[in-house]
Each structure stands twice: as structure tokens, then as C-alpha cells.
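Analysis of the macromolecular model
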Amino acid sequence: MKLVPSSKRPCRLERGEVRRVPQDRTNLLVGFHLCCPRCGFNTPALAGHDDLDIAEGDEPDDLTFSKALRCTFCRVLMHVRHGELRLEEDADVRHISFR
């Protein structure tokens, strides 16, 4: 699935949307808010936290994480490479259902 860059507040992100912190690309990157496509929960990806390197390309949607980011709520692994998001389920994934 293709990531969709957004300027919405983190609490308003839709599934598969990503928001840069800070929004101004001329400032030093702190991280991203990524809305999980599986459960809709926002997970922060902080540059340098837990050895996570974030590479940005020239376009806002060209984004790569050096390792998978685990969703805070459903625990699915989210792999981001050149703006493409791939989900991986392992033994730690929480199986949730919505009414």
C-alpha cells in the first residue's frame, strides 16, 4: 500500500496516512506519526529511537525506515520502503475485531 503524506493533526489521521514532525521539511527531522492500516491507531516513529533511521527522499511520499515499526495497538510490523507500506504479522500480533 502507498503511504499518503498528510498535514492533519495526528488524532485525525486516516489509515495509511503519515505526518512529518515538524511539518516544515527545512527543519531537522524528529519523526513521523504513522496511522496503522490494520487497526487505525497512530504510532510514532522517532528518528534514532531504538536504532530507527528514517530516510527522506525529494518527494514527501518518498520515505524509508531502516527497520520495521511495530504498531502500538495491534502489534503488527509495518515495513516502510520508498513510500510503500507492507504489513507483517508474527506471533506478537494482537487479533482484534471491531463491531
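Before reading on, note that the structure itself is shown above.
Bear in mind that the values here come from a model prediction, so they are computed numbers and not experimental data. (Residues numbered from 1 in each chain as written. Predicted model: local features only at pLDDT ≥ 70, side-chain atom pairs only at ≥ 80, totals over all residues. Heavy atoms only, no water.)

1. Here's the deal with the nonpolar core
In terms of nonpolar packing, the biggest core is built from 20 residues, with Leu34, Ile54, Leu63, Phe65 and Met78 touching the most fellow members. Contributing elements (two or more residues each) for this core: β3 (31-35), β6 (63-65) and β8 (77-81). Among all residues touching Leu63, those that are not within four sequence positions of it are Leu3, Val18, Phe32, Ile54, Ala55, Glu56, Val80, Arg81, His82 and Gly83. (Core = buried A, V, L, I, M, F, W, Y, C linked by side-chain atoms within 4.5 Å. Buried < 20%, exposed > 50% of the residue type's maximum accessible area, 1.4 Å probe, protein only. Helix = DSSP H or I, 4+ residues; strand = E, 2+ residues; numbered from the N terminus. Contact = heavy atoms within 4.5 Å.)

2. So, the sheet that holds strand β2 (residues 17-21)
Sheet architecture is open: four strands sit in the order β1-β2-β3-β4, paired in mixed fashion. Two strands in the sheet have a free side with no partner beyond their single neighbour: β1 (4-5) and β4 (42-46). Of the pairings in the sheet, the one linking β2 to β3 comprises four bridges and is antiparallel in character. Bridging from a neighbouring strand, Val18 pairs with Leu34 of β3. (Pairing = 2+ DSSP bridges.)

3. Observations regarding the pairing of strand β9 (residues 84-88)
Remember that side chains alternate between the two faces of the sheet whenever the strand is regular. As defined by bridge partners, β8 adjoins β9 across five bridges and the pair is classed as antiparallel. When the bridges of β9 are listed, Val80 appears paired with Leu85. The hairpin formed by β8 and β9 contains two residues between the paired strands, and His82 there has a positive phi angle of roughly 50°.

By themselves these figures say nothing about function.
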